[in-house]
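Residue-level structure breakdown
This is what each chain is made of:
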Amino acid sequence: MLHLILLHLLVLSPSPADASVHEEVPDFYADETTGYGPVFEEQPVDTIYPEESPEAKITMSCRARASPPATYKWMLEGTEIDLIAESDHYSVVGGNLVISRPVKTQHVGKYSCLATNTYGTVISQEASVQFGYLDLFSSEERESVYVKEGQGAVLLCAPPPHYPAELSFRWILNEFPTFIPLDKRRFVSQITGNLYISKVDSSDSGNYSCIASSPSISKSVFSNYIPLVPLAERPIRKYPADLKVKFPDTVALVGQNITLECFALGNPVPEIRWKKLDGQLPANHEVRMAGAHLHLYNVQFEDEGTYQCEAVNSRGKDYHAARVSVEAYPEWIEQISSIEKNLNSEYTMSCTASGKPKPRIRWLKNGELTDRREMRFSSLTFEDSGMYQCIAENDHGVIYANAELRVFACAPTFKHNPVKRVMAARNRRVVIQCRPKAAPKPNFSWSKDTELLSNSTRIFIWEDGSLEILNVTRADEGRYTCFAENDRGKANSTGSLVVTESTKITLTPANADVKVGETTWMQCAASHDPSLDITFIWSLDGRVIDLHKESQHYERTPNGSSNGELMIKKAQLKHAGLYTCTAQTPIDSVTASAHLVVRGPPGAPGGVRVMNKTDKTVTLQWSRGADNHSPISKYTIQYRDSFSKDVWKTATTFPADVEGNTEMATVMDLFPWIEYEFRVIATNTLGTGEPSSPSPKEKTLESVPVVAPSDVGGGGGSSRELIITWKPVQPQYYYGPNFGYIVAFKPQGGNEWMKVTVADPQAMRYVHKDPNIPPFTEYQVKVKAFNSQGEGPFSLTAPIYSAQDAPSEAPVIIEGKALSATEASVSWMPLPQGNVDGYQVKYWRNQKDSEGEAQRVAVSGRDNHTRFDGMKPNSYYFIEVRGYNSAGYGPPSRRLQILTKKPPPSQAPKIIGQKFKGSSINIAWEEMETMSNESSIENYKVLCREEGLPIPTLYSTFRPSIDLVLKPDKTYTIEIRAHTAGGDGAVTKVVIPSTQGYRSGGVMAAQSLSVLLLLLMALLCLNL
């Protein structure tokens, strides 16, 4: 009975401390529903105010969640803004700072917001206010730029003063909005704004203007026009690649996107290539703008290194390299969070940030800088409560972490966390938690029903107050009370313990062995307390299987609530491993496991690498992959190169059959000086596995070229030239660096070959100029390839002819005459055939056209006459003829003047009658009279077209009528026109329908029928 009285005294008697200490605690800790310090929901951000903005105010945002609500102050460059003294410009609206009628000299700077309530003060991140502007371009006229065709040109943008620094640039040609299209030949630097044209041609002539746009202030300005004048040069010279746009050393931040620029002048237009000198280009790169831009997306530290751009054309190469350094904005590794701590307890605030350069750490308490490097408290006091801020800063930015530290002291209370009802399985352990709110830390004791508990071999009271019971039995059921007491008071809370039957596995899964694609089952069954629900959870190698997402391969068999059998369908290699069945109730769980072996094709070999190489062979070594429980029988080796377009080809190897117990083989029949990648594929009795990862790229050794150029020929060209052409050797047959051609030629019958070296591997012609070359003379030519290792074989010898001299004689015109108002013909005495490829006939109107507007007709050298049409009627034309060949044009003939005929009548014949006579019809029309400016009528042409026949019948008559024999069952179309020396006049069409018997009655023409109908109607009216 004594222990019962003691228990009641513990529960009911007040602590002496209850009356003496409570007034020492600050008021805001007495109420459990007390508030909290400011927490920022909106902070100011960097602002650019356009100088020309129509809205004469700037709003800097600041809003904090706090209880009680926060009050706000604003700082400019660390000094508090006096809102009363400067009310003309500054006002605070709900925490936001509004700057009215901003003045550049007064309001530029860094602003920060302070939010304060009874729990403390926090200061926002700093935000700058700057004034954005983009001035107009200089009004001075831009000088014309004169450039020879084939040379490169640079047009300077020279953008005007502006803020911020970021501008975008475009160029227009002649007028807005004709923007310059950017391609392989033209490039606009987004750093300088300059326009670069790698090779100027005649189409580039015009007036150019640079447009500079500021996205920050939404403004664009245009420069004065810059005239670009291409100067014709024949022949157009070629120039080596010359890099004019070179990216500088660049610092990128982790996660940023950056763009490197490179562009070259040259003729032919250079090709831009990119590489990373100390590794592969990042996977997240993209080459754009025809090679001029290298974009690196989401930059990471491993992307740091030296990047090179290479400009290449047939005349030469140019290189540029610069370093990309990767640094990082500060980022929290560990940051502070709001917390309540007991009075007099120890506490350390931890704050760690990463970044490059390494961030500096500063601490603020209630908005004021502290001189402490770390926040370590050996014995917390109420004065340590407040709002704390950790600030990490490096060259690239600053980050803030805010937290409230609340130091409190109170008697134990279970108001928010009473002891709960707990269930436990028989023969298992159970922990009943006791977590009152109390400071300082209380002492704990427990009772079961009316019995005080103490530590034993089976019962433990933890330091935090929790009660642990091992090997639970039915006798442990009952009511459990936790007692907590400190120097400020005491409290207790009662919960209960209910004991259930434990869960047991009654049918365990068994090990299984299947082939890929087969189905198997894993059994699992369990007994459990009938008052509890049971769930079966399956996992593979510790990862829980999602039966819904992986329903293609897994299915639970519905065999009752105590059966958790798992079906594994169409097993794959990834399904092999340790399967664990967990039978789980809300109280306890038990597990059982079994292994599944899945046999299938081999896994991918690893570590493929080149051990040795020659010009045509490579020895590979690799590591054996998983055999997946079936011995590897053979390996297949594949390769690809830059010419195979990502197509992998099966390699020829030594030994020819690479057996499964080897890990080395030699690849044969490769090309010299080609960069290859290799991969290895394993096979067993169950199939062929996945290929290995490609080996590092490896280039075979150099060798003397063995392929000669093909299609050697040539001839033609200008006077005193010998043109030799060939089909270039494909790059895979270069066999080494410094590839080029040796061109050999000699006159037919000559003994000594002249040889010339052509260093361009893509060259396909060579022009030999020599004033002593006789015209149209046969030469023997041949071409061979060479590289740094030596010379290859010559091609087959081909005969060609040197260029002819241009014709020296002028043709003599025999006759030129007008054929009609629009057509004429001309004939001439032919020139000697050996020196003429053809003739050019030129004609133009005297006094109406200039000679430059003349029409030209090309005529084969085998002909000595031609005709031309499209001429103007009744006009004088000049005609001249000249011979030409591959060397050029000869002198023109004497000009011949001809007069084209007057035009034919513009009026069509007017039908006046149609009359049938048996199977024929007579069609008559008015006699036509021509005007003074028209040709006289010579006769009339009548075209009769029978339906269904492709060829009509043409008749000619001098009279204004004609008789035609027609078939009664056919439809005819009759066309009538006047014929003159100037050609045929306008046409009249008559359609004769195909109705038998209708024509025999003497049917009139459509016009005659209309007249007859009018007469009949008149007679009827008279009778009426």
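Provided above is the structure to which this section pertains.
Attention in this report is confined to the structure presented alongside it. Keep in mind that what you see is a predicted model, and the values were worked out from it rather than measured.

Along the protein chain, the regular secondary structure elements total four helices and 89 strands. The C-alpha atoms of the protein chain give 50 Å as radius of gyration, which overshoots the globular expectation for 1024 residues (31 Å, by more than 25%). Principal-axis analysis of the C-alpha atoms places the extent of the protein chain at approximately 155 × 95 × 80 Å. Across the 1024 residues of the protein chain, 43% fall into the buried class. Expressed as a percentage of contacts within the protein chain between residues at least 6 apart in sequence, the contacts between residues at least 24 apart total 65%. Roughly 54,300 Å² of accessible area belongs to the protein chain as shown, and the carbon and sulfur atoms make up 51% of that amount. Looking at the protein chain, you have 104 positive and 115 negative side-chain charges, and the mean spots of the two groups are 7 Å apart.

One open sheet holds the four strands; their spatial order is S57-S58-S63-S61, and the pairing between them is antiparallel. Each edge of the open sheet carries a strand with a single partner, namely strand S57 (606-613) and strand S61 (652-654). Going from strand to strand, the sheet's axes swing by 35 degrees on average, the running direction of each strand aside. Sheet topology places S57 next to strand S58 (residues 618-623); five bridges connect them, and they run antiparallel.

This part takes up a positive patch on the surface. A grouping of Arg237, Lys238, Arg315 and Arg765 is seen on the molecular surface, where their side chains present a positively charged patch. Considering the arrangement of structural elements, one finds Lys238 in the loop between strand S20 (226-231) and strand S21 (239-246). Judged by its relative accessible area of 45%, Lys238 is partly exposed.

Tallied over the full model, the rule gives 23 aromatic pairs. Seen in terms of ring centroids, Tyr843 and Phe868 are 4.3 Å apart; in terms of plane orientation they differ by 15 degrees. Their pairing is stacked. Of this pair, Tyr843 sits in strand S77 (residues 838-845) while Phe868 sits in strand S79 (residues 865-868), placing them 25 residues apart in sequence. Side by side, Tyr843 and Phe868 carry an identical accessibility label, which is buried. Taken together, Trp726, Tyr734, Phe739 and Tyr741 form an aromatic cluster joined through their ring pairs.

Bringing the pattern of salt bridges into the picture now. All told, the structure shown has 48 salt bridges when counted by the stated rule. With a closest N to O distance of 2.7 Å, Arg720 and Asp805 form a salt bridge. Of this pair, Arg720 sits in the loop between strand S67 (710-714) and strand S68 (721-727) while Asp805 is found in the loop between strand S74 (798-801) and strand S75 (812-818), placing the two residues 85 residues apart along the sequence. By relative accessible area, Arg720 is classed as partly exposed at 28%.

Moving on: the environment of Ile568. With respect to the element layout, Ile568 can be found in strand S54 (residues 566-568). Measuring from C-alpha to C-alpha, the distance between Ile568 and Pro161 comes to 72 Å, with 407 residues separating the pair along the chain. Ignoring anything within four residues of it in the chain, the contact list for Ile568 reads Glu518, Thr519, Thr520, Met522, His553, Tyr554, Tyr579 and Leu596.

In this section: the pairing of strand S11 (residues 127-134). Taken across its eight residues, S11 has six buried, putting it largely inside the fold. Here four bridges tie strand S2 (residues 47-50) to S11, and the two strands are oriented parallel to one another. By the bridge assignment for S11, Thr47 is matched with Val129. Relative to S11, strand S9 (residues 109-117) runs antiparallel, the two sharing three bridges. What sits directly across from Gly109, in S11, is Val129.

Attention now goes to the state of the cysteines. Applying the stated criterion across every chain, the model contains six disulfides. A sulfur-sulfur separation of 2.1 Å characterises the disulfide bridge that pairs Cys157 with Cys210. Residues Cys157 and Cys210 are joined through a disulfide that is left-handed, its torsion about the S-S bond being -75 degrees. Of the two residues, Cys157 sits in the loop between strand S13 (153-155) and strand S14 (162-163) while Cys210 sits in strand S18 (residues 206-214), which places them 53 residues apart along the sequence. In this structure, Cys157 and Cys210 share a single accessibility class: buried.

Time to look at the layout of surface pockets. The space that makes up the second largest pocket amounts to roughly 660 Å³. Lys110, Gln125, Glu126, Val398 and Tyr400 are the residues nearest the centre of the second largest pocket, which is lined by 29 residues in total. Elements with a contribution of two residues or more to the lining of the second largest pocket: strand S5 (71-76), S9, S11, strand S32 (360-365), strand S33 (368-369), strand S35 (386-394) and strand S36 (397-408). Here the residues of the lining of the second largest pocket sort into ten nonpolar, nine polar and ten charged.

Next up on the list: the environment of Ala70. Turning to its location among the elements, Ala70 is positioned in the loop between strand S4 (63-67) and S5. Placed 48 residues apart in sequence, Ala70 and Thr118 show a C-alpha to C-alpha distance of 8.5 Å. Residues in contact with Ala70, not counting those within four places in the same chain, are Pro38, Ala115, Thr116 and Asn117.

Taken together, the side chains of Val812, Ile814 and Met829 make up a nonpolar region of the molecular surface, amounting to roughly 300 Å² of accessible area. One can find Val812 in strand S75.

Another aspect to go through is empty space enclosed by the protein. Inspection of every chain in the model, using the stated rule, returns one cavity of 30 Å³ or more. The volume enclosed by the largest cavity comes to roughly 40 Å³. The wall of the largest cavity is formed by Asp183, Lys184, Phe263, Pro270, Ile272, Met289, Ala290 and Ala292. A per-class count over the lining of the largest cavity returns six nonpolar, no polar and two charged.

Bringing the pairing of strand S83 (residues 911-917) into the picture now. For S83 and strand S84 (residues 920-925), the ladder comprises six bridges, and the chain directions are antiparallel. Bridging from a neighbouring strand, Lys917 pairs with Ser920 of S84. Between S83 and the antiparallel strand that follows it, S84, lie two residues; Gly918 among them carries a positive phi value of about 65 degrees.

Let's shift gears to the sheet that holds strand S38 (residues 422-425). Spatial ordering of the open sheet is given by S38-S46-S45-S41-S42, a layout of five strands whose pairing is mixed. A strand with exactly one partner marks an edge of an open sheet, and here the two such strands are S38 and strand S42 (451-453). Each neighbouring strand pair of the sheet contributes to a mean axis angle of 30 degrees, computed without reference to strand direction. Pairing between strand S41 (residues 443-448) and S42: three bridges, direction antiparallel. Counted as the bridge partner of Lys448 is Glu451 from S42.

What follows concerns unusual backbone geometry. The phi angle of most residues is negative, glycine excepted, and most peptide bonds adopt the trans form. In this structure, the amide linkage connecting Phe176 to the following residue, Pro177, adopts the cis form with an omega of 0 degrees. By the secondary structure assignment, Pro177 is in the loop between strand S15 (168-173) and strand S16 (186-188). For the bond from Lys356 to Pro357, the omega torsion is 0 degrees, close enough to zero to count as cis. In this fold, Pro357 is placed in the loop between strand S31 (352-356) and S32.

This part takes up the side chain of Ser124. Looking at the element boundaries, Ser124 is found in the loop between strand S10 (120-123) and S11. Of the residues examined, Ser124 reaches a relative accessible area of 0% and is grouped as buried. Excluding its chain neighbours within four sequence positions, the residues that come into contact with Ser124 are Phe40, Gln43, Pro44, Ser112, Cys113 and Tyr400.

With respect to the element layout, His293 can be found in strand S26 (residues 293-296). At 3.4 Å, the side chain of His293 forms a polar contact with the side chain of Glu261.

Procedures and definitions
Residues numbered from 1 in each chain as written. Predicted model: local features only at pLDDT ≥ 70, side-chain atom pairs only at ≥ 80, totals over all residues. Heavy atoms only, no water. Helix = DSSP H or I, 4+ residues; strand = E, 2+ residues; numbered from the N terminus. Rg over C-alpha atoms; globule rule 2.2 N^0.38 Å. Buried < 20%, exposed > 50% of the residue type's maximum accessible area, 1.4 Å probe, protein only. Contact = heavy atoms within 4.5 Å. Areas by Shrake-Rupley, 256 points an atom, 1.4 Å probe, with all protein chains shown as cover. Lys, Arg positive; Asp, Glu negative; His and termini not counted. Charge placed at Lys NZ, Arg CZ, Asp CG, Glu CD. Pairing = 2+ DSSP bridges. Axes fitted to C-alpha atoms, helices over the stretch in contact; angles between N-to-C directions. Patch = residues over 30% accessible without salt bridge, like charges linked within 9 Å, V, L, I, M, F, W, Y side chains within 5 Å. Salt bridge = Lys/Arg side-chain N within 4 Å of Asp/Glu carboxyl O. Phe/Tyr/Trp six-rings, centres within 6.5 Å; stacked < 30°, edge-to-face > 60°. Disulfide = S-S within 2.5 Å. 1 Å grid on protein atoms, 1.4 Å probe; cavity = no way out; pocket = protein on both sides within 12 Å on 5 of 7 lines; lining within 4 Å. Points joined across faces, edges and corners; volume = space filled by probe spheres on them. Nonpolar A, V, L, I, M, F, W, Y, C, P; charged D, E, K, R; others polar. Polar contact = N/O pair within 3.5 Å; in protein donor to acceptor, adjacent residues only side chain to side chain.

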